[in-house]
Amino acid sequence: MEKLSFAEIDNTVNATLEPPGRMYWTVVALLFCGVLVGAACWGWQILVGIGAGGQNSPVNWGTYLINFVFWVGIAHSGTLISAILYLLRAGWRNPIARAAETMTVFAVCTAGLFPFIHLGRVWMVYYMLPVPNQRTLWPNFQSPLMFDVVAISTYFIVSVLFWYTGMLPDFAVIRDRAAGVRKKIFTVLSLGWTARYEQWRHYSRGYLLFAALATPLVISVHSVVSWDFALGVAPGWHTTIFAPYFVAGAIHSGLAMVLTLMIPMRRIFNAQRIITMHVLESVAKTIVFTGLIVGFAYGTEYFIAWYSRNSVEMEVFALRSTGDFALQYWIMVVCNSLVPLLFFIRRIRTSIIWLFAISILVNIGMWFERFVIIISSVARDFLPHAWGDYAPTGIEYGIMLGSFCLFFFLFFLFVKHLPSISMTEMKELQHQAGTHD
Amino acid sequence: MTDHDIHITALFADDTRAADAVTALRQTEWPVADVHGPIPSQAISDALGIKTSGVGWFTLAGGVFGFFLGYFLAVFTSARWGLIVSGKPVLSYIPFFIVGFEFTILFSVLANVLGLILLMRLPAHRDLPCYRPECSADRFGVVVGCRRDEVPEVRRFLTELGGEMPGQADTQRDS
């Protein structure tokens with residue numbers, strides 16, 4: 001690990017908060033335009049009805065659910081990096097933990113929009129809350145969809161609190177170096193943190209408990225998301241493998257998104273001494289691991305279908321790889337299971353271009369994984385006369401574009417206004433290694 | 001007004017020296033009023049004799065409360081329906097565990113935050129006269145109480161221990 005003084009860490013991170021140039025605001029403006037496109041499409045759908053999207057019987061869950069699961073999945077590796085690797089004392093997580101946590105928060109925000117969008121009549125959202133509706137009916141907690149409401153809401157609240165608590169000492173660093181309005185803002189945000197050991201005593205314990213609680217939470221949340229499907233009696237969905245399969249896939253996609261975000265960030269902010277090649281290489285190695293799990297799950301699904309001797313189950317899986325959705329299926333297999341194997345080659349996992357390219361491919365593959373799972377099972381259900389096809393409409397594409405733009409818009413705003421690298425955790429890392437001055 | 005009405009902050013470049021200073025000061029009559037630093041340090045905590053935080057009790061209480069609240073909510077709302085859904089009994093205790101589990105985590109975390117706020121006494125926006133901005137950056141600050149006539153002696157003592165006292169006029173204030 002490279003030797004960095006505490007002052008160098010502070011200087012590097014504070015430099016990211018310098019007033020941005022015209023290029024930055026241009027990109028932010030473009031992303032905001034994308035958000036407006038998505039909002040306009042959603043507005044149009046509210047105006048004319050849910051039929052503006054292409055989701056109809058038998059495929060009632062189209063891109064809205066695909067994007068929901070995709071974004072929840074992206075969120076998961078943030079918690080893996082910030083909580084699970086914290087408990088495992090993996091030092092390479094420290095430089096990217098803050099950005100990964102931020103990714104979690106914004107990805108959950110983006111994911112959380114899709115159930116609202118898919119509701120159609122969004123003003124009926126209170127049906128999902130534990131309050132009686134006008135017919136004095138309460139939500140039914142036997143439904144996996146209600147499990148999902150509880151799990152995602154909990155995940156969002158916990159992620160935001162974990163994220164904010166982690167930033168408290170860094171807010172104080174910025175406050176102590178700032179002047180004027182910025183000083184006032186960070187004085188409020190830091191809640192008067194003075195780094196007293198009486199504060200550190202409680203903070204360290206509380207942060208550890210946060211990590212310990214976030215770890216089972218992250219596993220439960222994507223398990224619950226998987227049960228939206230697994231508890232439904234549809235061929236290809238109704239299997240016990242779904243929970244671990246979804247959790248591994250979520251972490252796989254999230255790690256790829258971490259690379260997609262970190263590689264430009266370290267270059268733009270000249271943070272190569274903090275987000276080192278070792279850090280990126282460690283993420284790549286973890287992607288190999290999760291890619292192998294995901295590949296194993298793809299194979300196991302086929303084994304389960306074959307072993308069940310259930311003709312419908314076997315046919316659904318045969319059609320996945322050879323039928324109308326074969327292209328999407330093979331994109332999924334190649335991008336998620338085969339391409340990451342290139343990271344076994346050291347020259348590739350230490351090349352910025354390869355790392356970035358493969359991270360994009362994994363993201364594409366993981367989006368198609370959700371497409372294959374959600375669409376292919378219900379499009380080829382038990383009864384052949386009920387089979388149908390599905391293609392997203394322009395409104396759905398617009399909303400999807402809006403969701404991607406919203407995520408990157410929020411992330412872009414974050415990296416220039418709040419500390420995107422945890423100064424405190426970097427200092428702790430240097431201190432543990434005994435390399436700081 | 002106490003006997004030790006002056007507070008002096010000495011800055012140390014690393015936690016080991018700050019911890020040694022705390023240990024040395026505890027052999028004297030000058031009390032260590034506070035220690036500030038940019039990172040948590042086991043050496044300083046040991047020197048100060050700091051005990052483990054009690055925030056975990058808040059977390060535990062929140063978790064227990066959340067578990068029962070989640071279970072109660074699921075049972076209560078299902079009892080209001082009285083409908084058999086998907087062949088499951090009206091009170092399906094096993095799936096309700098999921099609601100109980102999520103509420104356990106949610107209320108553990110909320111109680112954890114509440115515990116942190118209460119125990120760390122945040123928000124605390126009043127000025128701390130002895131707080132030095134360097135302590136959030138790269139220095140460990142040891143705050144020592146003494147009488148006005150002892151100030152030169154305390155400064156000399158802290159300097160011998162490796163402490164820096166830049167802007168000494170600022171560090172010497174009434175408590």
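Residues numbered from 1 in each chain as written. Chains lettered and ligands numbered in written order. Predicted model: local features only at pLDDT ≥ 70, side-chain atom pairs only at ≥ 80, totals over all residues. Heavy atoms only, no water.

Peer 1: Where do I start with the overall build of chain B in this structure?
Peer 2: Assigned secondary structure in chain B consists of seven helices and four strands. The secondary structure elements of chain B, listed N-terminal to C-terminal, are β-α-β-α-α-α-α-β-α-α-β. On C-alpha atoms alone, chain B measures out to a radius of gyration of 26 Å, which is more than a quarter above the 16 Å that the 2.2 N^0.38 rule sets for 175 residues. Judged by the C-alpha coordinates and their principal axes, chain B covers about 80 × 30 × 25 Å. (Helix = DSSP H or I, 4+ residues; strand = E, 2+ residues; numbered from the N terminus. Rg over C-alpha atoms; globule rule 2.2 N^0.38 Å.)

Peer 1: Looking at this model, I keep getting lost on the overall build of chain A. Mind explaining?
Peer 2: For chain A, the helix and strand inventory stands at 15 helices and zero strands. For chain A, the C-alpha radius of gyration of 23 Å lies close to 22 Å, the compact-globule estimate for 437 residues. Overall, chain A is about 70 × 55 × 40 Å in size when its C-alpha atoms are taken along their principal axes. Classification of the 437 residues of chain A by burial places 60% in the buried group. For chain A, the accessible surface area stands at approximately 17000 Å², while carbon and sulfur atoms represent 70% of it. Distance between charge centres in chain A, computed from 28 positive and 22 negative side chains, equals 8 Å. (Buried < 20%, exposed > 50% of the residue type's maximum accessible area, 1.4 Å probe, protein only. Areas by Shrake-Rupley, 256 points an atom, 1.4 Å probe, with all protein chains shown as cover. Lys, Arg positive; Asp, Glu negative; His and termini not counted. Charge placed at Lys NZ, Arg CZ, Asp CG, Glu CD.)

Peer 1: Please explain helix α9 (residues 277-308) of chain A as it appears in this structure.
Peer 2: An α-helical turn contains 3.6 residues, so a residue and the one three or four places further along point in the same direction. Here α9 of chain A spans 46 Å end to end across 32 residues, near enough to the 46 Å set by a 1.5 Å rise per residue. Once α9 of chain A ends, the next one or two residues include R309 of chain A, with phi positive near 60°. (Expected span 1.5 Å × (residues − 1).)

Peer 1: Explanation requested: the pattern of salt bridges in the structure shown.
Peer 2: It is possible for side chains of opposite charge to pair when their charged atoms get near one another. Applying the stated criterion across every chain yields a total of 19 salt bridges over all chains. Here E8 of chain A makes a salt bridge to R273 of chain A, at a shortest N to O gap of 3.2 Å. Within this pair, whereas E8 of chain A is found in helix α1 (residues 6-15), its partner R273 of chain A is found in the loop between α8 (242-268) and α9, the two being separated by 265 residues in sequence. Measuring nitrogen to oxygen at the nearest pair gives 3.7 Å for the salt bridge that ties D149 of chain B to R147 of chain B. (Salt bridge = Lys/Arg side-chain N within 4 Å of Asp/Glu carboxyl O.)

Peer 1: Looking at this model, I keep getting lost on the confidence of the model for chain B. Mind explaining?
Peer 2: Parts of the prediction with low pLDDT should not have their coordinates interpreted in detail. Averaged over every residue, the pLDDT of chain B is 88; residues scoring 70 or more account for 91%. No element of chain B has a lower mean pLDDT than strand β4 (residues 173-174) of chain B, at 48, and none a higher one than helix α4 (residues 93-119) of chain B, at 96. (pLDDT = per-residue confidence, 0-100.)

Peer 1: How do you make sense of the domain arrangement of chain B when you look at a structure like this?
Peer 2: When the parts of a complex come together, some accessible area is lost, and that lost area is often used as the size of the interface. Segmenting chain B into domains produces domain 1 (6-51 + 128-174) and domain 2 (55-119). With centres defined by C-alpha atoms, the gap from domain 1 of chain B to domain 2 of chain B works out at 46 Å. (Domains from an automatic or database assignment.)

Peer 1: So what exactly am I meant to see when it comes to the packing of aromatic side chains here?
Peer 2: Working definition: an aromatic ring pair is given by the centre-to-centre distance plus the angle between the planes. Residue and element names in this part refer to chain A. This model, assessed by the stated rule, comprises 52 aromatic pairs over all chains. With 6.4 Å between their ring centres and 40° between their planes, F371 and Y390 make a pair best called tilted. Remark: Y390 occurs in the loop between α13 (352-379) and α14 (394-417) and F371 occurs in helix α13; sequence separation between them is 19 residues. Overall, the relative accessible area of 6% leaves F371 in the buried class. Take Y390: its relative accessible area is 8%, and that puts it in the buried class. (Phe/Tyr/Trp six-rings, centres within 6.5 Å; stacked < 30°, edge-to-face > 60°.)

Peer 1: Is there a simple way to think about the interface of chain A and chain B in this case?
Peer 2: At the junction of the two partners, chain A supplies 54 residues and chain B supplies 63 residues. Counting the surface lost from both chain A and chain B, the interface buries some 5000 Å², and carbon and sulfur atoms represent 70% of this. If you sort the residues of chain A by the area they bury against chain B, W138, Q142 and Y197 of chain A come out on top, with a joint share of 18%. Between chain A and chain B we count one salt bridge in total. Ionic pairing is found between D34 of chain B and R196 of chain A, a salt bridge with its closest N-O pair at 2.8 Å. Counting across the interface, chain A meets chain B through 22 residue pairs in polar contact (both at pLDDT 80 or more). Counting residues per element, the side of chain A that touches chain B draws most heavily on helix α7 (residues 197-230) of chain A, at 17 residues. Here the residues of the side of chain A that touches chain B sort into 30 nonpolar, 15 polar and nine charged. (Contact = heavy atoms within 4.5 Å. Buried area = accessible area lost by both parts, 1.4 Å probe. Polar contact = N/O pair within 3.5 Å; in protein donor to acceptor, adjacent residues only side chain to side chain. Nonpolar A, V, L, I, M, F, W, Y, C, P; charged D, E, K, R; others polar.)

Peer 1: Looking at this model, I keep getting lost on unusual backbone geometry. Mind explaining?
Peer 2: Trans peptide bonds make up the majority, and among non-glycine residues the majority have a negative phi. Residue P58 of chain A is bonded to the preceding S57 of chain A through a cis peptide linkage, with omega at 5°. Counting through the fold element by element, P58 of chain A comes out in the loop between α2 (22-48) and α3 (63-87). The omega torsion across L122 of chain B and P123 of chain B is -5°, close enough to zero to call that bond cis. Position of P123 of chain B relative to the elements: it lies in the loop between α4 and α5 (134-137). Even without a glycine there, the phi angle at L191 of chain A is positive, about 55°. With respect to the helices and strands, the residue L191 of chain A is situated in the loop between α6 (180-189) and α7. Phi is positive for A195 of chain A, which is not a glycine, with a value near 55°. Topologically, A195 of chain A is positioned in the loop between α6 and α7. Looking at A195 of chain A, the relative accessible area reads 2%, which means it is buried.

Peer 1: Looking at this model, I keep getting lost on the pairing of strand β1 (residues 6-12) of chain B. Mind explaining?
Peer 2: Consecutive side chains along a regular strand alternate between the two faces of the sheet. Residue and element names in this part refer to chain B. Counting buried residues along β1, seven of its seven residues qualify, which places the element largely inside the surrounding structure. Side chains I6, I8, A10 and F12 of β1 all project onto a buried face; the interleaved residues H7, T9 and L11 project onto the opposite face, where all are buried too. With seven bridges connecting them, β1 and strand β3 (residues 140-146) associate as antiparallel partners. The residue of β3 that forms the bridge with T9 is V143. (Pairing = 2+ DSSP bridges.)

Peer 1: It is not clear to me how a nonpolar patch on the surface should be interpreted in this structure. Could you clarify?
Peer 2: On the surface, L292, V334, L338, L341, F344 and I345 of chain A cluster together to form a nonpolar patch covering roughly 520 Å² of accessible area. With respect to the helices and strands, the residue L338 of chain A is situated in helix α11 (residues 326-338). (Patch = residues over 30% accessible without salt bridge, like charges linked within 9 Å, V, L, I, M, F, W, Y side chains within 5 Å.)

Peer 1: Which parts of the structure should I look at to understand the environment of W306 of chain A?
Peer 2: Mapped onto the elements of the fold, W306 of chain A is located in helix α9. The spatial distance from the C-alpha of W306 of chain A to the C-alpha of L30 of chain A is 49 Å, given a sequence separation of 276 residues.

Peer 1: Would you explain the packing of α11 of chain A against α13 of chain A in this entry?
Peer 2: Between two packed helices, what matters for the description is the angle formed by their axes and the separation of those axes. Residue and element names in this part refer to chain A. Here α11 crosses α13 at 140°, and the two axes come no closer than 8 Å. By the angle between their directions, the pair α11 and α13 is classed as oblique. When you trace α11 past α13, the crossing you get is left-handed. Listed contacts from α13 to Q328, Y329, I331, M332, C335 and N336 of α11 are L361, V362, I364, G365, M366, F368, E369, F371 and V372. The residue makeup of the contact of α11 with α13, split by class, is eleven nonpolar, three polar and one charged. (Axes fitted to C-alpha atoms, helices over the stretch in contact; angles between N-to-C directions. Parallel < 35°, antiparallel > 145°, perpendicular 65-115°, else oblique. Left-handed = near helix turned anticlockwise from the far one by under 90°.)

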